[in-house]
Amino acid sequence: WIVNPRRIKAFIVSEDIKAKTDKLDAKMIALFASQKHSAYKPIQHTDEDEKLKALVSLKASVTASASGYKTQLQQQSDTDCIKYLKQLLHTTEKNIKKINQQINDLIKQDEGLVRKAQIISSIPGAGEGTVAVCLSMLPELGNIDNKKIASLVGVAPHIKQSGNNKGKARISGGRSSVRNVLYMA
């Protein structure tokens, strides 16, 4: 299962456990699992799923490096530094293309991922990057309903009200990497 750690912590608090040890945490996680097993469906993770997630994370890191090199290039006046930065940028951009190719190859190997990728890419503005992040960071996609997915991503507004206090609905939490890529799309 993938369970929000805050749920486990809230469960432990609800059981009035004040101490914190690894042994006690393991016991409480087991108790949570035994009581809540019907609320969660198991999610099967394959080696390819893990590799896809690792490649998408690597791509994000390498892309951030490329962005940094571009910024430095704009601010640099020394010709030697400009030369090195251009070389670094060129190599980084080649690596991004290779990583993208590996991601696309992994997705094409799995019929389920291909089907999900087609659905995601049918959304206006959703490209290969959006598809890759959604597939790698949301393994629940297609297994739970839209409202739960929206809440997992952190785009579903949640109302905070009590008694006469009528609070506003706000979005919060969720998986920021997915939320950010969806915002950009």
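What you see is a predicted model, and the numbers here were worked out from it, not measured in a lab.

Trainee: Please clarify how the pattern of salt bridges should be interpreted in this entry.
Mentor: Should the charged atoms of two oppositely charged side chains come close, the side chains can pair. Tallying each qualifying case throughout the model produces 4 salt bridges. Put simply, E140 and R175 hold a salt bridge, and the shortest N to O gap is 2.8 Å. Within this pair, whereas E140 is found in the loop between α6 (128-137) and α7 (146-153), its partner R175 is found in the loop between β2 (165-170) and α8 (176-184), the two being separated by 35 residues in sequence. Judged by its relative accessible area of 6%, E140 is buried.

Trainee: Can you help me understand helix α4 (residues 79-108) in this one?
Mentor: Taking 1.5 Å of rise per residue, the 30 residues of α4 would be expected to cover 44 Å, and the 43 Å separating its terminal C-alpha atoms lies within 8% of that figure. Taken together, the buried positions of α4 are occupied by L85, L89, T92, I96, I99, I103, N104, L106 and I107. Buried residues belonging to α4 abut α3 (47-75), α5 (111-121) and α6. The N-capping residue of α4, defined by a side-chain oxygen 3.3 Å from the backbone nitrogen of D80, is D78.

Trainee: Honestly, α6 in this entry has me stumped. Any pointers?
Mentor: The α-helix winds at 3.6 residues per turn, so residues separated by three or four positions along the chain end up facing the same way. Of all 10 residues in α6, 8 are buried, a share of seventy percent or more. Buried residues in α6 make contact with α3, α4, α5 and α8.

Trainee: Is there a simple way to explain the side chain of K59 in this structure?
Mentor: Tracing the chain through its elements places K59 in helix α3. As a buried residue without a salt bridge, K59 has its nearest oppositely charged side chain in E128, at a separation of 6.5 Å.

Trainee: Even after reading the chapter, I still don't get the nonpolar core, so can you show me in this structure?
Mentor: Side chains that are nonpolar tend, in soluble globular proteins, to be buried together. Ranked by size, the top nonpolar core spans 29 residues in total, and within it L52, V56, I103, I107, I120, L135 and V178 carry the most contacts. For this core, the secondary-structure elements that each account for two or more residues are α3, α4, α5, α6, α7 and α8. With 7 residues, α4 is the single largest residue contributor to this core. If near-sequence neighbours (up to four positions away) are discounted, I107 is found in contact with L52, L113, V114, A117, V131, A132 and L135. Ranked by size, the runner-up nonpolar core spans 6 residues in total, among them I8, F11, M28 and F32.

Trainee: Sorry, what's going on with the pairing of strand β1 (residues 158-162) here?
Mentor: Within a regular strand, the side chains alternate between the two sheet faces. Among the 5 residues in β1, 0 count as buried, and that is only a small part of the element. As paired elements, β1 and β2 share 4 bridges and run antiparallel to each other. Looking at the pairing, I159 lines up with A169 of β2. The hairpin turn running from β1 into β2, its antiparallel successor, is 2 residues long, and G163 in that turn takes a positive phi close to 60 degrees.

Trainee: Quick question: what am I supposed to make of a negative patch on the surface here?
Mentor: Together, D47, E48, E50, D110 and E111 make up a region of like negative charge exposed at the surface. Residue contributions to the negative patch peak at 3 residues, all from α3. Structurally, D47 is set in helix α3. In this structure D47 comes out as exposed when scored by relative accessible area, which is 66%.

Trainee: Help me understand unusual backbone geometry, please; the structure alone is not making it clear to me.
Mentor: Leave glycine aside and you will find that most residues have negative phi; peptide bonds, for their part, are mostly trans. Here D16, not a glycine, exhibits a phi torsion of approximately 60 degrees, which is positive. In this fold, D16 is placed in the loop between α1 (5-14) and α2 (22-36). What makes D16 exposed here is its relative accessible area of 53%.

Conventions and cut-offs
Residues numbered from 1 in each chain as written. Predicted model: local features only at pLDDT ≥ 70, side-chain atom pairs only at ≥ 80, totals over all residues. Heavy atoms only, no water. Salt bridge = Lys/Arg side-chain N within 4 Å of Asp/Glu carboxyl O. Helix = DSSP H or I, 4+ residues; strand = E, 2+ residues; numbered from the N terminus. Buried < 20%, exposed > 50% of the residue type's maximum accessible area, 1.4 Å probe, protein only. Expected span 1.5 Å × (residues − 1). Contact = heavy atoms within 4.5 Å. Polar contact = N/O pair within 3.5 Å; in protein donor to acceptor, adjacent residues only side chain to side chain. Lys, Arg positive; Asp, Glu negative; His and termini not counted. Core = buried A, V, L, I, M, F, W, Y, C linked by side-chain atoms within 4.5 Å. Pairing = 2+ DSSP bridges. Patch = residues over 30% accessible without salt bridge, like charges linked within 9 Å, V, L, I, M, F, W, Y side chains within 5 Å. Areas by Shrake-Rupley, 256 points an atom, 1.4 Å probe, with all protein chains shown as cover. Charge placed at Lys NZ, Arg CZ, Asp CG, Glu CD.

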